[in-house]
Amino acid sequence: MSLLPLDQGLAQIRASVDAISDTEICDVSDAAGRVLAQDVIANAPVPPVAKSAMDGYAVLADDVPGTLRVSQQVFAGYAAEPLLPGTCARIYTGSVLPSGADTVIMQEDVERHGDNVAFSATAERGNNVRSAGCDIAPGDFVARAGKVLTAADIALLSLIGKSTVTVKRRLVIGVFSTGDELVISGTQPVSDWQLVDSNRPQIKALLNHMGFEVVDLGIQRDDKTILEKTMTAAAPTVDILMSSGGVSVGDADIVRDVIEANGSLDFWRLAIKPGKPVAIGKVFDTPILCLPGNPVSAWMTLLLVSKVYLQKRQGIDSEPIIPVIGVADFSVAAPTKRQEFLRVAVAVVNGGQTTISLAGNQFSSDSLGLAQANGVAIVPIGRAFEIGDEMQVLPISQLMDSGYHAV
Ligand code: AMP
Ligand code: MG
């Protein structure tokens, strides 16, 4: 079987997966991290009327320079009277600009003598005034459907008077590990031939971070009958199943067999390292995403591949990742068949140079190196890097929060 370039795999996913249509109403104050289901468009200006951007005096620009009497004081939170011609109004940040005034002069730029204020300079009309609708005009897009709502969106939605918002229902993902060698961390002595199941907690943490609901389906033994039973029971209760291990071509790779016997499986050997074996299928009428067994491979394929599937299905219109460019302090030979994704530490050193160092030994089992990394450096097929060469790095923070668009 030939290797499938990552871009082609992702394009296939984008073309074939539809967003769920289920929505729910959510309080705006609880909506951070939720996916907006409908465009939100402003129907009123913000601010609704002209307001002062400074503490100072509201005037008609034509009246200065000169000395003007203070005819009113407008506090934030109170209405303003029309400005008496030939006078000024004491005004504060956020106060309504009285009608008849068009400019605010900062209090630092005037001299006050009792009820009179001396303005020594000419004023530029409109200075220090936030005009009606200067932040948001009626008809402006406040947020587009598909956006994962941020704290700033919550502020914005509140500002335009929304107390609830329509969001997509959260996808429910059933996660299980496979392998006779696996044991649950901390619950029993681990024999030399056994291995702690580190994938399941890692995958659950990633999915939770991305805002999905997770159902833990535990460790599944390499036994077709038991696995079939688990999948039949779990499939109707979740939107998507996610497994790790058991999908390459070894004798004990039973996940693949069970899916093929009860649905269909698209098995891909992606041209990426780590993470070559990835499978996407349907079992008992439920989509299933199969990740490789090695923890670093599982992490990488979840973030580079499965996430694209999950985001599309969840209806997320993700921001593209903006790679960081840095200078490698290591060399790497040109890959011949698979694009490589190295776990690296990016740091800013010596007067601002961004340097890239390898994190860990780069084995696909090296969770320590992965935990120490803050970026994933890309090594394209056929491209060698020497010490001092510039490389592109995907920041892990962005990999976690944005969509992957191959670079
Ligand atoms: P497999 O794809 O099942 O052949 O697994 C590949 C490698 O990943 C083997 O060394 C497994 O022991 C290891 N592995 C599989 N599942 C897990 C897991 N849940 N946690 C940690 N390592 C795993
Ligand atoms: Mg296995």
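Structural notes, computed from the coordinates. (Residues numbered from 1 in each chain as written. Chains lettered and ligands numbered in written order. Predicted model: local features only at pLDDT ≥ 70, side-chain atom pairs only at ≥ 80, totals over all residues. Heavy atoms only, no water.)

### Observations concerning the pattern of salt bridges
- Using the criterion set out here, one finds 12 salt bridges in the structure.
- With a shortest N-O distance of 2.9 Å, Asp62 and Arg125 are connected by a salt bridge. Remark: Arg125 occurs in the loop between strand E9 (116-119) and strand E10 (129-130) and Asp62 occurs in the loop between strand E4 (56-59) and strand E5 (66-74); sequence separation between them is 63 residues. For the residue pair Asp62 and Arg125, the accessibility class agrees, reading exposed in each case.
- Its salt-bridge partner being Asp257, residue Lys224 comes within 3.3 Å of it at the nearest N-O pair. You can see Lys224 sitting in helix H4 (residues 224-234) and its partner Asp257 sitting in helix H5 (residues 254-262), a full 33 residues away along the chain.
- Judged by its relative accessible area of 43%, Lys224 is partly exposed. (Salt bridge = Lys/Arg side-chain N within 4 Å of Asp/Glu carboxyl O. Helix = DSSP H or I, 4+ residues; strand = E, 2+ residues; numbered from the N terminus. Buried < 20%, exposed > 50% of the residue type's maximum accessible area, 1.4 Å probe, protein only.)

### Overview of helix H3 (residues 199-209)
- Along H3, the positions that sit buried rather than exposed are Asn199, Arg200, Gln202, Ile203, Leu206 and Leu207. For H3, the angular spread of buried residues about the axis comes to 160 degrees, placing them on one side.
- Positive phi shows up at Gly211, right after H3, with a value of about 95 degrees. (Arc of directions from axis to C-beta.)

### Looking at the packing of aromatic side chains
- One pass over the structure, following the stated rule, counts 2 aromatic pairs.
- Here Phe75 and Tyr92 contribute two aromatic rings whose centre-to-centre distance is 5.1 Å and whose plane-to-plane angle is 5 degrees, an arrangement assigned as stacked. Residue Phe75 is located in the loop between E5 and strand E6 (87-91), and its partner Tyr92 is located in the loop between E6 and strand E7 (103-106); the two are separated by 17 residues in the primary sequence.
- On the accessibility criterion, Phe75 (42% relative accessible area) is partly exposed.
- The residue whose ring lies beneath Arg144 is Phe141, and the NZ or CZ to ring-centre distance is 3.7 Å.
- Positioned above the aromatic ring of Phe385, the side-chain terminus of Arg383 is 4.1 Å from the ring centre. (Phe/Tyr/Trp six-rings, centres within 6.5 Å; stacked < 30°, edge-to-face > 60°. Lys NZ or Arg CZ within 6 Å of the ring centre and 35° of its normal.)

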